[in-house]
Amino acid sequence: MNKCLWKPSAERISDSELSAFMSFLNKEYNIEFSNYDQLHQWSISDKEAFWNSVWAFFKVTGQMGNSILKDAQLMPGAKWFPNATLNFAENLLFPTNLMPEDLTPENLAPENKQNNSNSALAIIERGEHQRRETLTYSQLREKVAHVAHYLKSLGIQKGDCVAGFLPNSQHAIIAMLATTSLGAIWTSCSPDFGVNGVVDRFAQTRPKVLFATDGYYYAGKCIHSLDRIKEIEASLKNLKSTVITPYLNPSDKHLDMSENHTSWDTLFSDSTPELTFTQMAFDDPLYIMYSSGTTGKPKCIVHSVGGTLIQHIKELALHTDVKAGTKLFYYTTCGWMMWNWLVSGLALGASVVLFDGSPFHPQQSILFDLADEEEIDVLGASAKYYAACEKFNLNPIKSHSLASIKTFLSTGSPLSHESFDYIYKSIKQDVCVSSISGGTDIISCFALGCPILPVYQGELQCIGLGMDVQFANDSGDVLSTGKGELVCRQTFPSMPTGFWGDDNGEKYHSAYFARFPDVWAHGDYGELKVHPINDEQPAQTGVIIHGRSDAVLNPGGVRIGTAEIYRQVEKVDAVFESIAIGQEWQDDVRVILFVRLQQGLKLDESLMTEIKQSIRQNTTPRHVPSKIIQVKDIPRTLSGKIVELAVRDIVHGKAVTNKEALANPEALNLFVDLPELNKD
């Protein structure tokens, strides 16, 4: 059994939003739960009551209607809150737990602004630009009103698409909220995407307005964007306007722009326009997100207004304990779904902390510096970030206070046992470490954290409320023990409404429902970990993710998750990072491990033996790679995920058609025609 690394105090449990929610359920529904697993079981067995209670407890702004779920048996096809009306931006700009009773959108007209006594911080922006900029909720509303007024002047309305090619800045949040206040659809890429990568995405969704940056900073470099913007525009035939944000030099009011461009600063005037909100159906489109696109053109995944809002509220409040005044940070870009998740913290009255740039510049401790300076409560990053901190020998527990931090979040790939240990040993001891797993496909999580449960080494604390998650074998049979495919057996509100342009739904159905009829197959490979009830520990069902199921290795017919290998390889100090694939060989599959070593080191027989011993001693002989090969770099997506499938294709002589999805596509060349792979 994995060891317990942390337990919440009685005070933390009683003060949590989850405990308050359970008290609400006891009062309203006369139901008592003695542990989280009981609450989770109720949330899937009586899912209509559960999602109704989430709406009611968090006082979602809108009209719920008289029905919670229609055609519940259909998956896909069920309709959540079929008669509801609401607006996403309204819920984020007027969080009910911050608003005085008399403060409503109606009395926020310019002549009544003196009634707005709300000065809570909505946004704290930091980054490599070395500026600190803040916006209160009232200031944010005013800026959104101006940008929405401009979009209205262009005729932007419900159902139109507006795109952002922006760094993780206030500009992106303001433009998104202005867009969604009108009922239009927001879609975004980060400015580190190449031209083809942007066009592959935006050309499919045909935005009418493009918000774009003049440039951005990364690792001490200033990267200009205006030339790329002109190339992008040439492929977007529906554009009415391109608005340029002066990110590199905000004092420059006279950017060198073409006559078709509008400067961000010209959208604002002394008189604040009226801020209004178009009421939407629950399943009307809100966001278009994109798959990574490493094996073809990115899929355009459509997420709904209500499904995104209610799922994010549930996850942020009940699973992450975000509430009014929480300072919430996630290291992300606008091209990763964690940006959308982070921004939804506004609906709970949180202060979202933004950072754009390298997480290790100008010093490797920059995010921990930021945590102390801004007194961050919840800090999130990728699993690769924490692993890199360990390889850099960072020891924040001695160099930083981190007194405000209550929770560390991790996603993007499984957080290894060793990274769990590193956080508690070298960063902070009294903290909840929540590894979370879901994805762009559901703009949320299937398994994640829980503020009232202990943290076990290598485990995600729980299955998300309202999510009927199990692991299944190849026949679709649910497994009580052992590893299998992550499936969700019942509908949930944040299921995508479809793919953009997939009018008959064939691509959507093929992506998630072709393997197991009427069951969502997510593409993750993992298992449940049940901790029994005893006097000291309540019941807890944790989750272990072993990697993507399409990257699972299959030597001799035995399925091996790549995370099982990475965990052992990361124990070897000489290895900075690694990637494992299965190579077709002599009517079977053999495991190939590529390693990127610490600077200045070379792979020799001694190091290969150490790596193999670490794997063999802690897994099985089948996990041991047939070949270990040193490479100078490992290809990864722009959000930092290593791309096992792309490397596997290169090794087998197949073309990788969409290199624009990669942050370092040149790294693929390191895997072409390797002589070591042509011999035993």
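**Re the overall build of the protein**
Moving on, step 1. Summing up its helical and strand segments, the protein has 19 helices and 34 strands in all.
Moving on, step 2. Taking 2.2 N^0.38 as the reference for a compact globule, 680 residues should give roughly 26 Å; the C-alpha atoms of the protein span a radius of gyration of 24 Å, in line with that estimate.
Moving on, step 3. A buried classification covers 62% of the 680 residues belonging to the protein.
Moving on, step 4. At a minimum sequence separation of 6, the contacts of the protein that also span at least 24 residues come to 70%.
Moving on, step 5. By element, 45% of the accessible surface of the protein is carried by carbon and sulfur atoms, the whole surface being about 26,200 Å².
Moving on, step 6. Here the protein contributes 59 positive and 79 negative side-chain charges, whose respective centroids are spaced 4 Å apart.

**Re the pattern of salt bridges**
Where charged atoms from two side chains of opposite charge approach closely, those side chains can pair.
Moving on, step 1. Tallying each qualifying case throughout the model produces 19 salt bridges.
Moving on, step 2. A salt bridge links Arg515 to Glu485, with the nearest nitrogen and oxygen atoms 3.1 Å apart. With Arg515 in the loop between α16 (506-512) and β30 (520-531) and Glu485 in strand β28 (residues 484-488), this residue pair connects regions lying 30 residues apart in the sequence.
Moving on, step 3. Residues joined in a network through salt bridges with shared partners are Arg126, Arg132, Glu373 and Glu374.

**A short note on unusual backbone geometry**
Moving on, step 1. Between Met75 and Pro76 the backbone carries a cis peptide bond, its omega angle lying at 5°.
Moving on, step 2. By the element assignment, Pro76 lies in the loop between β3 (69-70) and β4 (79-80).
Moving on, step 3. Of the consecutive residues His361 and Pro362, the connecting peptide bond is found in the cis state with omega at 5°.
Moving on, step 4. You can see Pro362 is positioned in the loop between β19 (351-356) and α12 (366-374).
Moving on, step 5. With a phi close to 45°, Ile443 is a non-glycine residue in the positive phi region.
Moving on, step 6. If you trace the backbone, Ile443 turns up in the loop between β23 (437-439) and β24 (444-448).
Moving on, step 7. With a relative accessible area of 0%, Ile443 lands in the buried category.

**With respect to the environment of Thr266**
Moving on, step 1. Structurally, the position occupied by Thr266 is in the loop between β14 (261-263) and β15 (280-281).
Moving on, step 2. Among the polar contacts listed, one links the side chain of Thr266 to the backbone oxygen of Ser263, at a separation of 2.6 Å.

**What about the environment of Gln457?**
Moving on, step 1. One can find Gln457 in the loop between β25 (455-456) and β26 (462-463).
Moving on, step 2. Residue classification places Gln457 among the buried residues on the basis of a relative accessible area of 10%.
Moving on, step 3. In this structure, the C-alpha to C-alpha distance between Gln457 and Phe420, residues 37 residues apart in sequence, is 6.0 Å.
Moving on, step 4. If sequence neighbours within four positions are ignored, Gln457 has contacts with Asn2, Lys3, Leu5, His417, Phe420 and Asp421.
Moving on, step 5. A distance of 2.7 Å separates the side chain of Gln457 from the side chain of Asp421, its partner in a polar contact.

**Notes on the pairing of strand β12 (residues 221-224)**
Moving on, step 1. Judged from the four bridges that link them, strand β11 (residues 215-218) and β12 form a sheet pairing that is antiparallel. Its bridge partner being in β12, Tyr218 is matched across the sheet by Lys221.
Moving on, step 2. The turn linking β11 back onto β12 is made up of two residues, and Ala219 within it adopts a positive phi angle of 55°.

**Some details on the sheet that holds strand β27 (residues 469-472)**
Moving on, step 1. With respect to topology, four strands assemble into an open sheet ordered β27-β28-β30-β31, the strand pairing being antiparallel. In this open sheet, the two strands that pair with only one neighbour each are β27 and β31 (540-548). The sheet shows a mean angle of 50° between the axes of neighbouring strands, taken without regard to direction.
Moving on, step 2. Pairing between β30 and β31: eight bridges, direction antiparallel. Bridging from a neighbouring strand, Val530 pairs with Thr541 of β31.

**Remarks on the sheet that holds strand β5 (residues 85-86)**
Moving on, step 1. Taken in spatial order, the three strands of this open sheet run β2-β5-β15, and their pairing is antiparallel. For this open sheet the edge positions go to β2 (62-63) and β15, each flanked by a neighbour on one side alone.
Moving on, step 2. In this sheet, β15 lies alongside β5 in antiparallel orientation, the contact comprising two bridges. Paired with Thr85 across the strands is Ala281, a residue of β15.

Definitions and cut-offs
- Residues numbered from 1 in each chain as written.
- Predicted model: local features only at pLDDT ≥ 70, side-chain atom pairs only at ≥ 80, totals over all residues.
- Heavy atoms only, no water.
- Helix = DSSP H or I, 4+ residues; strand = E, 2+ residues; numbered from the N terminus.
- Rg over C-alpha atoms; globule rule 2.2 N^0.38 Å.
- Buried < 20%, exposed > 50% of the residue type's maximum accessible area, 1.4 Å probe, protein only.
- Contact = heavy atoms within 4.5 Å.
- Areas by Shrake-Rupley, 256 points an atom, 1.4 Å probe, with all protein chains shown as cover.
- Lys, Arg positive; Asp, Glu negative; His and termini not counted.
- Charge placed at Lys NZ, Arg CZ, Asp CG, Glu CD.
- Salt bridge = Lys/Arg side-chain N within 4 Å of Asp/Glu carboxyl O.
- Polar contact = N/O pair within 3.5 Å; in protein donor to acceptor, adjacent residues only side chain to side chain.
- Pairing = 2+ DSSP bridges.
- Axes fitted to C-alpha atoms, helices over the stretch in contact; angles between N-to-C directions.

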